[in-house]
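Architecture and fold: a report
Residue strings, one per chain:
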Amino acid sequence: MFENLTEKLQAVFDRLGKRGILRESDVDQVLREIRLALLEADVHYKVVKDFVRRIRERAIGAEITKSLSPAQQVIKLVHEELIQTLGEPGRLQLTGPGPHVIMLVGLQGSGKTTMAAKLSRHLRQSAHLPLMVAGDTYRPAAITQLEVLGRQLELPVYSEGQHVPPPQICTNGVREARQRGYDVVLLDTAGRLQIDQDMMDELEAIKEAVHPVETLLVADAMTGQEAVNVAAGFHEHIGLTGLILTKIDGDARGGAAISVRAVTGVPIKFLGTGEKTDALEVFHPDRLASRILGMGDVLTLIERAEATFDEEQAQRLERKLRDASFDLEDFLEQFQQIKQMGPLSQILDMVPGLGRMAQDVSSEVTDRQFKHIEAIILSMTAEERRSPRILNSSRKKRIARGSGTSVEEVNALLKQFRQMQRMMKQLGKGKKGMRGMMRMFG
Ligand SMILES: Nc1nc2c(ncn2[C@@H]2O[C@H](COP(=O)(O)OP(=O)(O)OP(=O)(O)O)[C@@H](O)[C@H]2O)c(=O)[nH]1
Ligand SMILES: [Mg+2]
């Protein structure tokens, strides 16, 4: 996600990197480029205007620090203002007496039913007892879909078939939860092709019947600005407490994610990053901003690793990421495990310095590149993997031959690996990933 925007912004920063000082005319030039990049990424024009204005004020104001290079100054400002635009971190309001009702609303096919399962799974991991309620009675398959997901995850689903009105089913579902000790109820509701009065009336009736603590709109990020309009429409009609953007994995532009909080005033709480029920991320504006700027997202990476690997492996990865002590041997081992963590292009985006490698290539190409990388490392001797420094040109030739690649590819891999080590060393200096990075900027 965000590949194109990341690439454009990095090109702006790269050009800036060559400058010694930042004049006011340079600032204007850079801001024009940033503005264009954001508009091309389908960010709402008002959000872009405001964003650029804030950066301009700060850039030509008193804030310029002599200790930072122009590129660093601009990256720092863009990073901070991006966080500001993205809003607050996603947190569910699960306070007060239970059961807490979370109502999922949204247009047809936006991912509500899938999200009910993802959230239930997520809540169970943090020691909650969720109950899913099948409140979509319009499509016969909708109930079965939720029940199948429930069975897969071994999580309970409450349903009453298709012939009871949804507000009644939801009321009964909450009663069932109370009687049987479930503390969170997730209501899956019906979607329509577009916002219509019948749909809003029904959602309103459900709201009145069960008083949800959270009314979350599930919106398809791939629809871009349309997702923003849909969010504004729902918020106006029934009042939302949060947004969930799904299919972030398929959205290369990312404009919806960047604009929706600023346009609607409703905070983003989660991101859906794939079809599987573990493809869920809690929304962290700082991490997303880092990812958009191509700085990686070590914290999310570590969390995914924790969910995929066992405790000991995760700690080892964290240690190695932080002190940058890992060599190509670890790199290979991690590679093979990382494959379990999700699509490779997503993972690469989170590794500082590697995001660029994943840019502009389809995940298929990335997968092929990964096979090459694996083959290259496998063609090295153990000694070479531990100290890549010893790789001279005859060794590289042998490795290229052995892996069916070229010396250029071997060199490219080594360069990426060195860059990654360098970035990680910088990140490792701070207590928490990005904070270390920001400290580096001053
Ligand atoms: N790539 C990707 N696909 C997703 C994501 N979330 C859901 N999907 C897919 O989108 C399709 C629709 O998802 P559903 O959960 O059935 O959507 P819904 O909002 O319940 O749809 P209706 O009940 O018809 O209104 C399914 O094929 C899901 O697998 C996501 O984050 N990424
Ligand atoms: Mg559904």
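Report follows, based on the coordinates. (Residues numbered from 1 in each chain as written. Chains lettered and ligands numbered in written order. Predicted model: local features only at pLDDT ≥ 70, side-chain atom pairs only at ≥ 80, totals over all residues. Heavy atoms only, no water.)

Gly111, Lys112, Thr113, Thr114 and Asp249 are the nearest of the 20 residues found near ligand 1. With respect to ligand 1, the backbone of Lys247 contributes an N or O atom lying 3.0 Å from an oxygen atom. At 3.2 Å, a backbone N or O of Gly272 approaches an oxygen atom of ligand 1. Considered on its own, ligand 1 offers 660 Å² of accessible surface; in the complex 82% of this is hidden by protein. For the shell around ligand 1, the element with the most residues is helix 5 (residues 112-125), which contributes four residues. The class makeup of the residues in the shell around ligand 1 is one nonpolar, twelve polar and seven charged. (Near = heavy atom within 4 Å. Polar contact = N/O pair within 3.5 Å; in protein donor to acceptor, adjacent residues only side chain to side chain. Areas by Shrake-Rupley, 256 points an atom, 1.4 Å probe, with all protein chains shown as cover. Helix = DSSP H or I, 4+ residues; strand = E, 2+ residues; numbered from the N terminus. Nonpolar A, V, L, I, M, F, W, Y, C, P; charged D, E, K, R; others polar.)

With that settled, consider the nonpolar core. One broad trend across soluble globular proteins is that nonpolar side chains are buried collectively. Core analysis: the biggest nonpolar cluster contains 74 residues, and Ile34, Leu187, Leu217, Phe234 and Leu245 have the highest contact counts within it. Dropping the residues within four chain positions of it, Leu245 is found in contact with Ala219, Ala221, Ala256, Ala257, Val260, Ile268, Phe270, Leu271 and Gly272. In this structure, Ala117, Leu153, Val184 and Val218 belong to the second largest nonpolar core, which totals 23 residues. (Core = buried A, V, L, I, M, F, W, Y, C linked by side-chain atoms within 4.5 Å. Buried < 20%, exposed > 50% of the residue type's maximum accessible area, 1.4 Å probe, protein only. Contact = heavy atoms within 4.5 Å.)

On to the sheet that holds strand 5 (residues 214-220). Across a sheet, paired strands are connected by hydrogen bonds in the backbone, their directions being either parallel or antiparallel. The sheet built from eight strands is open, its strands ordered 3-2-4-1-5-6-7-8 with mixed pairing. What marks the edges here is a single partner per strand, and that holds for strand 3 (157-158) and strand 8 (280-282). Where strand 5 meets strand 6 (residues 242-246), five bridges bridge the pair, whose relative direction is parallel. Bridging across to strand 6, Leu217 finds its partner in Leu243. Relative to strand 1 (residues 100-105), helix 8 (residues 197-210) is tilted by about 175°, and along the sheet it contacts strand 1, strand 4 (184-189) and strand 5. Contacts between helix 10 (residues 255-264) and the sheet are confined to strand 6 and strand 7 (268-272), with strand 6 contributing the most and set at about 165° to the helix. (Pairing = 2+ DSSP bridges. Axes fitted to C-alpha atoms, helices over the stretch in contact; angles between N-to-C directions.)

Before going further, it helps to spend a moment on helix 8. Across its 14 residues, helix 8 extends 20 Å between first and last C-alpha, which sits within 8% of the 20 Å expected from 1.5 Å per residue. Turning to helix 8, its buried residues number three or more, namely Met199, Met200, Glu202, Leu203, Ile206, Lys207 and Val210. Relative to the axis of helix 8, the buried residues are bounded by an arc of 160° and lie together on one face. Opposite the packed face of helix 8, turned more than 90 degrees from it, sit the exposed residues Asp198 and Glu208. Contact partners of the buried residues in helix 8: strand 1, helix 7 (166-180), strand 4, strand 5 and helix 9 (225-238). One or two steps after helix 8, the chain reaches His211, where phi turns positive at roughly 45°. (Expected span 1.5 Å × (residues − 1). Arc of directions from axis to C-beta.)

One can find His235 in helix 9. Along the chain, His235 and Thr264 lie 29 residues apart, while their C-alpha atoms are 7.7 Å from each other.

Turning our eyes to something else, we now look at unusual backbone geometry. Here the amide bond leading from Gly98 into Pro99 is cis, since omega sits at -10°, within 30 degrees of zero. Tracing the chain through its elements places Pro99 in the loop between helix 4 (70-86) and strand 1. The residue His211 is not glycine, and still its phi comes out positive at about 45°. Along the polypeptide, His211 turns up in the loop between helix 8 and strand 5. Assessed through its relative accessible area of 61%, His211 is described here as exposed. Positive phi, close to 60°, is recorded for Lys247, a residue that is not glycine. Positionally, Lys247 belongs in the loop between strand 6 and helix 10.

A rise of 1.5 Å per residue sets the reference length of helix 2 (residues 24-40), with its 17 residues, at 24 Å; its end C-alpha atoms lie 24 Å apart and thus fit the reference within 8%. Listed in full, the buried residues belonging to helix 2 are Asp26, Val27, Val30, Leu31, Ile34, Ala37 and Leu38. End-on view of helix 2: buried residues confined to an arc of 125°, all on one side of the axis. Summarising the contacts, the buried residues of helix 2 are in contact with helix 1 (3-17), helix 3 (45-60) and helix 4. Downstream of helix 2 by a residue or two, Asp42 has a phi angle that is positive, lying close to 75°.

Take the environment of Glu24 next. Positionally, Glu24 belongs in helix 2. As for Glu24 and Ile60, which are separated by 36 residues in sequence, their C-alpha atoms are 6.6 Å apart. Not counting residues within four places of it along the chain, the set of residues in contact with Glu24 comprises Arg56 and Ile60.

Throughout the structure, instances matching the rule amount to 18 salt bridges. With its nearest N and O atoms 3.1 Å apart, the salt bridge here joins Arg53 to Glu57. Separated by four residues within a single helix, Arg53 and Glu57 lie in helix 3, roughly one turn from each other. The residue Glu80 makes a salt bridge to Lys76 at a minimum N-O spacing of 3.3 Å. Here Glu80 and its partner Lys76 are both found in helix 4, four residues apart, which amounts to about one turn of the helix. Judged by relative accessible area, Glu80 falls into the partly exposed class, the value being 27%. When its relative accessible area of 21% is taken as the criterion, Lys76 is described as partly exposed. Shared partners join several salt bridges into a network, and the residues in it are Asp50, Arg53, Arg54, Glu57, Arg58, Lys76, Glu80 and Glu81. (Salt bridge = Lys/Arg side-chain N within 4 Å of Asp/Glu carboxyl O.)

Further remarks concern the side chain of Ser290. As for its placement among the helices and strands, Ser290 is situated in helix 11 (residues 285-292). With relative accessibility at 1%, the residue Ser290 sits in the buried group.

Attention shifts here to the packing of helix 4 against helix 11. The interhelical angle for the contact between helix 4 and helix 11, taken along N-to-C directions, is 130°, at an axis separation of 9 Å. As far as their axial angle goes, helix 11 and helix 4 are oblique. Every pair of crossing elements has a handedness; the one defined by helix 4 and helix 11 is right-handed. Where helix 4 approaches helix 11, its residues His79, Leu82, Ile83 and Leu86 are matched on the opposing element by Pro285, Asp286, Leu288, Ala289, Ser290 and Ile292. (Parallel < 35°, antiparallel > 145°, perpendicular 65-115°, else oblique. Left-handed = near helix turned anticlockwise from the far one by under 90°.)

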